[in-house]
Amino acid sequence: QVQLVESGGGLVQAGGSLRLSCAHSGGTFSGFAMAWFRQAPGKEREIVSAVGLSGSSTYYADSVKGRFTISRDNAKNTVWLQMNSLKPEDTAVYYCAARYGLQQPGRGQKDYNYWGQGTQVTVSS
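As the structure is a prediction and not an experimental result, all values here were calculated from the model.

Caption draft 1: The state of the cysteines, seen in detail. On inspection of all chains with the given rule, the structure shows one disulfide. For C22, the disulfide goes to C96, at an S-S distance of 2.1 Å. Torsion about the S-S bond of the C22 and C96 cystine: about -80 degrees, corresponding to left-handed handedness. Remark: C96 occurs in strand β9 (residues 92–100) and C22 occurs in strand β3 (residues 18–25); sequence separation between them is 74 residues. Taking the relative accessible area as the measure of exposure, C22 reaches 0% and is therefore buried.

Shown next, in the form of structure tokens:
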């Protein structure tokens, strides 16, 4: 059974940085497209970023372009989300998601069938 475990969330001041990690187990990591979603209180879960199987194909939501970077290391079974220049509106629970065999990074929740438990990111103004 595939398991995803996020870490790296926390409280940071506006303008600061955080690096989220998602450790993948229970399957051949290199065969999974990976993504980060987030959900703020009272809002729907939304895509933040996604990466294809090899790491060369990526997607970013407009709201995070130029500030966030997604990367993966297939040897370490891990995907990261480097978040710079954080804003209070980035405050949310961040979820890691995975889908086996998805060649290109999917942009919707329905593209992924494995989810982590989430990690809280709070950006203070």
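Caption draft 2: Layout of the sheet that holds strand β1 (residues 3–7). A sheet is described by the order of its strands in space; here four strands give the open sequence β1-β3-β8-β7, paired in antiparallel fashion. Where the open sheet ends on each side, the last strands, each with one partner, are β1 and β7 (68–73). Direction aside, neighbouring strands of the sheet carry axes that sit 15 degrees apart on average. Pairing of β3 with strand β8 (residues 78–83) involves six bridges; the strand directions are antiparallel. Bridge pairing in β8 links A23 to T78.

Caption draft 3: Representation of the nonpolar core within the structure. Of all hydrophobic cores here, the largest spans 28 residues; its most connected members are M34, W36, F68, V79, L81, M83 and Y94. At the level of secondary structure, the elements contributing two or more residues to this core comprise β3, β4 (32–39), β5 (46–51), β7, β8, β9 and β11 (119–124). Grouped together as the second largest cluster of nonpolar side chains are eight residues, A35, F37, A50 and Y112 included.

Caption draft 4: Up close: the pattern of salt bridges. In this structure the tally under the stated criterion is four salt bridges. Where D90 meets R38, a salt bridge forms, and the shortest distance between an N and an O atom there is 2.9 Å. Placement of the pair is D90 in the loop between β8 and β9 and R38 in strand β4, with a sequence separation of 52 residues. Residue R38 is classed as buried on the basis of its relative accessible area, which comes to 6%. We note a salt bridge from K65 to D62, for which the minimum N-O separation is 3.2 Å. Comparing K65 with D62, the two get one shared label, exposed. Among the charged side chains, a network of salt bridges with common partners joins R38, E46, R67 and D90.

Caption draft 5: Spatial organisation of the environment of G106. Inspection of the secondary structure puts G106 in the loop between β9 and β10 (114–115). The exposure class assigned to G106 is buried, which follows from its relative accessible area of 7%. Through-space distance from the C-alpha of G106 to that of A14 is 29 Å; in sequence the pair is 92 residues apart. Residues within four places of G106 in sequence aside, it is in contact with I47, A50, D111 and Y112.

Caption draft 6: A look at the side chain of R38. Among the polar contacts made by the side chain of R38, one reaches the side chain of E46 at a distance of 2.7 Å. Only 3.4 Å separates the side chain of R38 from the side chain of S63, close enough to count as a polar contact. Those residues within four positions of R38 in sequence are excluded, and the remaining contacts are E44, R45, E46, V48, S63, V64, F68, E89, D90, A92, V93 and Y94.

So, how was this worked out
- Residues numbered from 1 in each chain as written.
- Predicted model: local features only at pLDDT ≥ 70, side-chain atom pairs only at ≥ 80, totals over all residues.
- Heavy atoms only, no water.
- Disulfide = S-S within 2.5 Å.
- Helix = DSSP H or I, 4+ residues; strand = E, 2+ residues; numbered from the N terminus.
- Buried < 20%, exposed > 50% of the residue type's maximum accessible area, 1.4 Å probe, protein only.
- Pairing = 2+ DSSP bridges.
- Axes fitted to C-alpha atoms, helices over the stretch in contact; angles between N-to-C directions.
- Core = buried A, V, L, I, M, F, W, Y, C linked by side-chain atoms within 4.5 Å.
- Salt bridge = Lys/Arg side-chain N within 4 Å of Asp/Glu carboxyl O.
- Contact = heavy atoms within 4.5 Å.
- Polar contact = N/O pair within 3.5 Å; in protein donor to acceptor, adjacent residues only side chain to side chain.

Taken by themselves, the reported measurements are silent on function.
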